[in-house]
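Survey of secondary and tertiary structure
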Amino acid sequence: MKQLGFELVNSQPVSCTTQGADDIGENQTAEASLPVAPITYLANFLPLPLQTSLLQEANSYQFEKPIVTIFGKQHPIPRSQIWFGDSGCEYQYSSLMIKPQPWPPVLLKVRQILESQFNIMTNGVLVNRYENGQDCMGWHSDNEPEIAANSDIVSLTLGASRTFVMRHMQTRHKHAIELSCGDLLIMHAGMQDEWQHAIPKRLKVNEPRINFTFRQMIVGFHQGG
Ligand SMILES: O=C(O)CCC(=O)C(=O)O
Ligand SMILES: [Fe+2]
């Protein structure tokens, strides 16, 4: 199987912010100046009963596989997805305008937990379903203009473990984190400006994975214009 050619860094739980030059002491090696992704990783965050009820709920979601146009050619995306959100939280994805579906109850509960535990306010969640290791997500940043500037994006994973890879746009330095069932990853301000991320194919994975990215959208961004 073809693997991406980079070493695994930060595969342990990490909580980090961008490291400025001032943080580097005299005795540290050049490695210390490598860019550090502004993320917080919390392994096994979601309690098991909530994992079970969210997975059960997700079985009834009406996932879709939209066709996107890339360089004039039409392709179905290599996964399926659904967008839930408050009214006024339309999301434009490639050439598509996606209307928000109303929040299902368990997902709403997770949104409330993010508010109460981290003070992170979100009003939309993109749910991606990767049927198996053939499904994937290419390099991108979540930098659409309707996402509130400098807001955190919170990713929650259920089901199969998959590798979340990050690439610093300037230095091309890469990090990878294995995201497993119940894990939470918070992408902080700066992540979408300086880094890209992706979920590469993993041909040995035969189980589905569901990922939820909770976002804070600018309400009404696509209305009345
Ligand atoms: O599936 C993942 O872990 C990443 C999802 C993602 O990057 C996105 O929804 O923008
Ligand atoms: Fe993303």
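Residues numbered from 1 in each chain as written. Chains lettered and ligands numbered in written order. Predicted model: local features only at pLDDT ≥ 70, side-chain atom pairs only at ≥ 80, totals over all residues. Heavy atoms only, no water.

Per an unreviewed UniProt entry, the recorded name for the protein is Alpha-ketoglutarate-dependent dioxygenase AlkB, and the organism is Shewanella japonica.

**Some details on the coordination of the iron ion (ligand 2)**
The coordination sphere of the iron ion (ligand 2), as far as protein atoms go, consists of H140 (NE2), D142 (OD), D142 (OD) and H197 (NE2), spread over 2.1 to 2.7 Å. Positions of the donor residues of the iron ion (ligand 2), expressed as sequence spacing, correspond to H-x1-D-x54-H. Of this pair, H140 sits in strand β8 (residues 137-140) while H197 sits in strand β13 (residues 195-199), placing them 57 residues apart in sequence. (Donors = N, O, S within 2.8 Å, 3.2 Å for Na, K, Ca; no water. Helix = DSSP H or I, 4+ residues; strand = E, 2+ residues; numbered from the N terminus.)

**Structural notes on the packing of helix α1 (residues 48-58) against helix α2 (residues 105-118)**
If you want to describe how two helices pack, look at the angle between their axes and the distance between the axes. In the contact formed by α1 and α2, the axes pass within 8 Å of each other and the chain directions differ by 135°. Taken together, the axes of α1 and α2 lie oblique to each other. Between α1 and α2, the residues in contact are L50, S53, L54 and E57 and P105, V106, L107, K109, V110 and I113, respectively. Here the residues of the contact of α1 with α2 are counted per class, giving seven nonpolar, one polar and two charged. (Axes fitted to C-alpha atoms, helices over the stretch in contact; angles between N-to-C directions. Parallel < 35°, antiparallel > 145°, perpendicular 65-115°, else oblique. Contact = heavy atoms within 4.5 Å. Nonpolar A, V, L, I, M, F, W, Y, C, P; charged D, E, K, R; others polar.)

**What about the sheet that holds strand β9 (residues 153-159)?**
The antiparallel open sheet is built from six strands, whose spatial order is β1-β12-β9-β14-β7-β4. Since the sheet does not close on itself, it has two edges, and those belong to β1 (39-42) and β4 (80-85), each with one partner. Each strand of the sheet is rotated relative to its neighbour by a mean of 15°, with strand direction disregarded. Most of the contacts of α1 go to β9, to which it runs at about 85°, and overall it touches β9 and β14 (209-215). (Pairing = 2+ DSSP bridges.)

**Observations concerning α2**
Taking 1.5 Å as the rise per residue, α2 with 14 residues should run 20 Å; its terminal C-alpha atoms sit 20 Å apart, in good agreement. Restricting attention to buried positions, one finds in α2 the residues V106, L107, V110, R111, I113 and L114. Down the axis, α2 shows its buried residues gathered within 155° of arc, on one side only. Exposed positions of α2 whose direction lies more than 90 degrees from the buried face are P105 and S116. Buried residues along α2 sit against α1, β4, β7 (124-130), β9, β12 (184-187) and β14. (Expected span 1.5 Å × (residues − 1). Buried < 20%, exposed > 50% of the residue type's maximum accessible area, 1.4 Å probe, protein only. Arc of directions from axis to C-beta.)

**Re the site of ligand 1**
Around ligand 1, 13 residues are found, and the nearest of them are Y130, D142, H197, R209 and R215. H140 is positioned with one of its side-chain polar atoms (N or O) 3.1 Å from an oxygen atom of ligand 1. At a separation of 2.8 Å, an oxygen atom of ligand 1 approaches a polar side-chain atom of R209. Contact with the protein chains covers 98% of the free accessible surface of ligand 1, which is 290 Å². Looking at the shell around ligand 1, the elements with two or more residues in it are β7, β8, β13 and β14. The element contributing the most residues to the shell around ligand 1 is β14, with four residues. The residue makeup of the shell around ligand 1, split by class, is five nonpolar, five polar and three charged. (Near = heavy atom within 4 Å. Polar contact = N/O pair within 3.5 Å; in protein donor to acceptor, adjacent residues only side chain to side chain. Areas by Shrake-Rupley, 256 points an atom, 1.4 Å probe, with all protein chains shown as cover.)

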